[in-house]
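Descriptive structure summary
The lines below spell out each chain.
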Amino acid sequence: MIVTGILASTAPSDALGQAMAFPGGPAADTPPSLQNLPAKRTGQAPNSQGKLGSGGSLPRTAGQEHRVYDLRPYTGYLTKHDHPEQAVIDWVLRETGTDVWFTAPFGFLNADREKLSIYHTSEMHQVVSGIVDRFVAGEKEPQVMNLKVMTVGNANWRSRAHMLMQHVSVDSPGVQAWLLSKENAALVMNILRQRSDTRQVQDLNLTMFNGQTEKLASTRGRNYVRNIRPAAAGWPPYEPETGEVQEGYKLSISPLLSTDNRAIDCVIKAEIDQVDKFNHVDLELPLPNNQIHKTRIDVPQVVSWRLHERFRWPSDMVLLLSCGVVASPERTKSAIPLFNMDALTGSTSGRADALMFVEFRGRASENLTSIPMAPASPSQPRIGQAGGANRGRY
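The following refers to the structure shown.

What counts, and at which threshold
Residues numbered from 1 in each chain as written. Predicted model: local features only at pLDDT ≥ 70, side-chain atom pairs only at ≥ 80, totals over all residues. Heavy atoms only, no water. Phe/Tyr/Trp six-rings, centres within 6.5 Å; stacked < 30°, edge-to-face > 60°. Buried < 20%, exposed > 50% of the residue type's maximum accessible area, 1.4 Å probe, protein only. Helix = DSSP H or I, 4+ residues; strand = E, 2+ residues; numbered from the N terminus. Expected span 1.5 Å × (residues − 1).

Here's the deal with the packing of aromatic side chains
Under the counting rule described, the total for this entry stands at eight aromatic pairs. Taking 6.5 Å as the distance between ring centres and 65 degrees as the angle between the ring planes, the aromatic pair formed by Phe106 and Phe108 counts as edge-to-face. The class of Phe106 is partly exposed, set by a relative accessible area of 34%. Relative to Tyr119, the ring of Phe106 has its centre 6.1 Å away and its plane inclined at 55 degrees; by these criteria the two rings are tilted. Pair noted here: Phe106 is in the loop between helix H4 (85–96) and strand E2 (108–111) and Tyr119 is in strand E3 (residues 115–120), with a separation of 13 residues, a long-range link.

Some thoughts on H4
Taking 1.5 Å as the rise per residue, H4 with 12 residues should run 16 Å; its terminal C-alpha atoms sit 17 Å apart, in good agreement. Burial of H4 is extensive: 11 of the 12 residues sit out of reach of the surface. Looking only at H4, the buried set comprises Glu85, Ala87, Val88, Ile89, Asp90, Trp91, Val92, Leu93, Arg94, Glu95 and Thr96. Immediately beyond the C-terminal end of H4, within one or two residues, lies Gly97, with a positive phi of roughly 80 degrees.

Points about unusual backbone geometry
Of note, the amide linkage connecting Ala104 to Pro105 takes the cis form, showing an omega dihedral of 0 degrees. If you check the backbone angles, Asn261 has positive phi at about 65 degrees while not being a glycine. If you trace the backbone, Asn261 turns up in the loop between strand E9 (238–257) and strand E10 (263–286). Taking relative accessible area as the criterion, Asn261 reaches 21% and is therefore assigned partly exposed. Positive phi values are uncommon outside glycine, yet Asn290 reaches one of about 65 degrees. Classification of Asn290 as exposed rests on a relative accessible area of 75%.

See below:
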């Protein structure tokens, strides 16, 4: 079917055929990009430099070969997922990068619920098969990822915890990462809980299938007066024009286990926007009676941070991320969780070191717990890059 489609796209249209048959002038409905093209003899075989041959074969300038990978051992049990094969595509592109599919040598990638079709070099097939094996020969049961979020008023907690943590590199500006054994993670957690400026604000168990992506989001609009405009009629002569700024968080996490469950790759993407405060600007506007109408507009001061990293670590260890000293959504004397944006007011917020503990806890059937489930909706190893820089644009 693919070859037929490509061959069909190389055949001249009726309008182009008329333009060739009557060289005195192009057909009226022929687009400019197709006018004045040289005529081709029917049956002429294109050359072998990346074009289809006379037999309709795909180019093999780099020894490319076509393989089909069976995805049914993985997708067969994901009956409630509309497109479970999308997770396979995502992880293949994360491993290979996207550029290799749009540059020489020629190759393609296509997938449906039952199979993954790849045309590329044997070296690329080795990479792809390694990813596919982690899906089709990996865990079939849902797994549990535990996510804890804490804020600490002062970053000096590191002085006591430094020797318990193994530092790893991260590309995102301002973000630090460490690996801890589960025993050391418990010790660090105890150090943090002994501090009066620490707040444990989230403790989530994410139940998800291997390779799939879980998304959490909570946003709300904050209204403010962004402009003063003349009123259409009547009194007062001016009226406020309101605007809205969205604040809250969006978080997505996608873990992929190795076939022996001893290592885990995880892509974490977080976006947090918070209104730190509204800066008030006083205006004096003229009135018809030569008096002054005093009013005020607001200029939002928004604090944002972004994290988009891929991490790889042994599944029996804990990943700790620090997002740096950022604006804390918690206000003084407030015990409202970090991600509960209903607690935000227009006053200036404090600053806190935002910490995130990520722990793999194994099969969901072995982790019966009362902790609430999450709402639906990277010399030291370069763990943030899974053994090397992320390739391509994906």
